[in-house]
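Results of the structural survey
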Amino acid sequence: MVDVVTKGTGGSVNFGGDVAIAGKTGTTSDYKDVWFAGYSPYYTATTWTGYDNNVSMETSAEKNLSKTMWKAVMSRIHEGLPAASFTKPSGIVTATVCSKSGKLPIAGVCDAYLNTEYFAEGTVPTETCDVHFSGMVCSATGLAATTTCPYQVPGVIEIAPSDDGSPGATKYCPHTPDYFTNPANAASIQAAQQAIAQQQAAAAQAAQQQAAQQAQQQIDAQADAEEAGGGEAPEDDE
Ligand SMILES: [Zn+2]
Ligand SMILES: [Zn+2]
């Protein structure tokens, strides 16, 4: 919960100082009610905002009012109090998980999504991330490549969840030997080959541009070095 206030939408309730706070907002549909419930090692407070006639709050000032009030009251009553933080109860452990799957991260694959979270002891996930797939990827379809896919390149992909929100299964591209001998697939095969040729051309162009840029930078650096070492004052400061 401390995380919710320091990292999440609750950042606006931080009243500075060294008193730890934790809390969470709650809303009913269409912002007819907004609560903020939060606490410090000293005080706990909950604020509610809403209209008596059940009209939605619309402006961001209205939607944030419960937090604004909470912060106003709590900062006032904490004035002059010494720094304090929460003590972590026994039986609570931290573990780093992949934020996309909530499961153990795969080294080098989930690196951009690492999140350290709190768990009751014994509930730390034991399965590894099933959202990120690292291996051969089909550049024609963006799916995991079959072993016989001619368009496979090493890569990492994110696997979309199933419709019910549960983790999706790894989907493989259709590029089996049978696929290529089936005349019905001729058009798709041609389209895939064209798309890949385009991707390769774009990549080659980007590499060329980068090389040209690096060469120019080298020339510039050399010119600067000669200017600095030559003892000749540059005529123009440009
Ligand atoms: Zn992951
Ligand atoms: Zn493929």
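Scroll up for the structure.
Keep in mind that what you see is a predicted model, and the values were worked out from it rather than measured.

Our focus in this paragraph is the environment of Thr126. Positionally, Thr126 belongs in the loop between strand 5 (114–120) and strand 6 (132–138). By relative accessible area, Thr126 is classed as exposed at 72%. For the pair Thr126 and Leu104, spaced 22 residues apart in sequence, the C-alpha separation works out to 6.7 Å.

Looking now at a nonpolar patch on the surface. Residues Tyr42, Tyr43, Val73, Ile77 and Leu81 make up a contiguous nonpolar surface patch of about 400 Å² in total accessible area. Relative to the elements of secondary structure, Tyr43 occurs in the loop between strand 2 (33–39) and strand 3 (44–50). Take Tyr43: its relative accessible area is 36%, and that puts it in the partly exposed class.

Within a sheet, adjacent strands bond to each other through the backbone by hydrogen bonds, running parallel or antiparallel. The strand order across the open sheet built from three strands is 1-2-3, with neighbouring strands paired in antiparallel fashion. Of all the strands in the sheet, just strand 1 (22–27) and strand 3 have a single pairing partner and so form its edges. Each strand of the sheet is rotated relative to its neighbour by a mean of 10°, with strand direction disregarded. When strand 2 meets strand 3, the two strands line up antiparallel, connected through seven bridges. Bridging across to strand 3, Tyr39 finds its partner in Thr44. Lying on the sheet, helix 3 (residues 65–77) is in contact with strand 1, strand 2 and strand 3; it crosses strand 3 at an angle near 145°.

This paragraph deals with the coordination of the zinc ion (ligand 1). Cys98 (SG), Cys110 (SG), Cys129 (SG) and His132 (ND1) make up the full set of protein donors to the zinc ion (ligand 1), lying at 2.0 to 2.3 Å. Because the angles between the four donor atoms bound to the zinc ion (ligand 1) fall within 105 to 113°, the donor set is best described as tetrahedral. Mapped onto the sequence, the residues coordinating the zinc ion (ligand 1) show the spacing C-x11-C-x18-C-x2-H. One end of the pair, Cys98, is in strand 4 (residues 92–98); the other, Cys129, is in the loop between strand 5 and strand 6, and 31 residues separate them in sequence. Assessed through its relative accessible area of 6%, Cys129 is described here as buried.

Before going further, it helps to spend a moment on the packing of aromatic side chains. Scanning the model with the defined rule gives five aromatic pairs in all. Ring geometry for Phe36 against Trp70: centres 5.0 Å apart, planes inclined by 75°, an arrangement best described as edge-to-face. Here Phe36 is found in strand 2, whereas its partner Trp70 is found in helix 3, with 34 residues between them in sequence. For the pair shown, Phe36 and Trp70 are each scored as buried. What links up through ring pairs into an aromatic cluster is the set Tyr151, Tyr179 and Phe180. The lysine or arginine in question, Lys63, covers the ring of Tyr31, its NZ or CZ lying 4.6 Å from the ring centre.

Next up on the list: the coordination of the zinc ion (ligand 2). Ideal values for angles at a metal depend on the geometry: 109.5 degrees with four tetrahedral donors, 90 or 180 degrees with six octahedral donors. Protein coordination at the zinc ion (ligand 2): the donors are Cys138 (SG), Cys149 (SG), Cys173 (SG) and His175 (ND1), at 2.0 to 2.3 Å from the metal. With four donor atoms in place around the zinc ion (ligand 2) and angles of 104 to 115° between them, the coordination shape is tetrahedral. Mapping the donors of the zinc ion (ligand 2) onto the primary sequence gives the spacing C-x10-C-x23-C-x1-H. Of the two residues, Cys138 is situated in strand 6 and Cys149 in the loop between strand 6 and strand 7 (152–158); the sequence distance between them amounts to eleven residues. Across this residue pair, the class does not change: Cys138 and Cys149 are buried.

As a further point, take the nonpolar core. In this structure, Cys138, Ala145, Cys149, Tyr151, Cys173, Tyr179, Ile189, Ala192 and Ile196 together form the largest nonpolar core, which totals nine residues. Residue contributions to this core peak at three residues, all from helix 5 (residues 186–229). Per-domain counts for this core show at least three residues from each of domain 3 (132–184) and domain 4 (186–226). In this structure, Val13, Ala45, Trp70 and Met74 belong to the second largest nonpolar core, which totals eight residues.

Our focus in this paragraph is the environment of Ser188. If you trace the backbone, Ser188 turns up in helix 5. Since its relative accessible area comes to 36%, Ser188 is described here as partly exposed. The spatial distance from the C-alpha of Ser188 to the C-alpha of Ala140 is 9.9 Å, given a sequence separation of 48 residues.

Procedures and definitions
- Residues numbered from 1 in each chain as written.
- Chains lettered and ligands numbered in written order.
- Predicted model: local features only at pLDDT ≥ 70, side-chain atom pairs only at ≥ 80, totals over all residues.
- Heavy atoms only, no water.
- Helix = DSSP H or I, 4+ residues; strand = E, 2+ residues; numbered from the N terminus.
- Buried < 20%, exposed > 50% of the residue type's maximum accessible area, 1.4 Å probe, protein only.
- Patch = residues over 30% accessible without salt bridge, like charges linked within 9 Å, V, L, I, M, F, W, Y side chains within 5 Å.
- Areas by Shrake-Rupley, 256 points an atom, 1.4 Å probe, with all protein chains shown as cover.
- Salt bridge = Lys/Arg side-chain N within 4 Å of Asp/Glu carboxyl O.
- Pairing = 2+ DSSP bridges.
- Axes fitted to C-alpha atoms, helices over the stretch in contact; angles between N-to-C directions.
- Contact = heavy atoms within 4.5 Å.
- Donors = N, O, S within 2.8 Å, 3.2 Å for Na, K, Ca; no water.
- Tetrahedral: all angles 85-135°; square planar, octahedral: opposite > 155°, others 65-115°.
- Phe/Tyr/Trp six-rings, centres within 6.5 Å; stacked < 30°, edge-to-face > 60°.
- Lys NZ or Arg CZ within 6 Å of the ring centre and 35° of its normal.
- Core = buried A, V, L, I, M, F, W, Y, C linked by side-chain atoms within 4.5 Å.
- Domains from an automatic or database assignment.

Function cannot be read off these values alone, since they describe shape.
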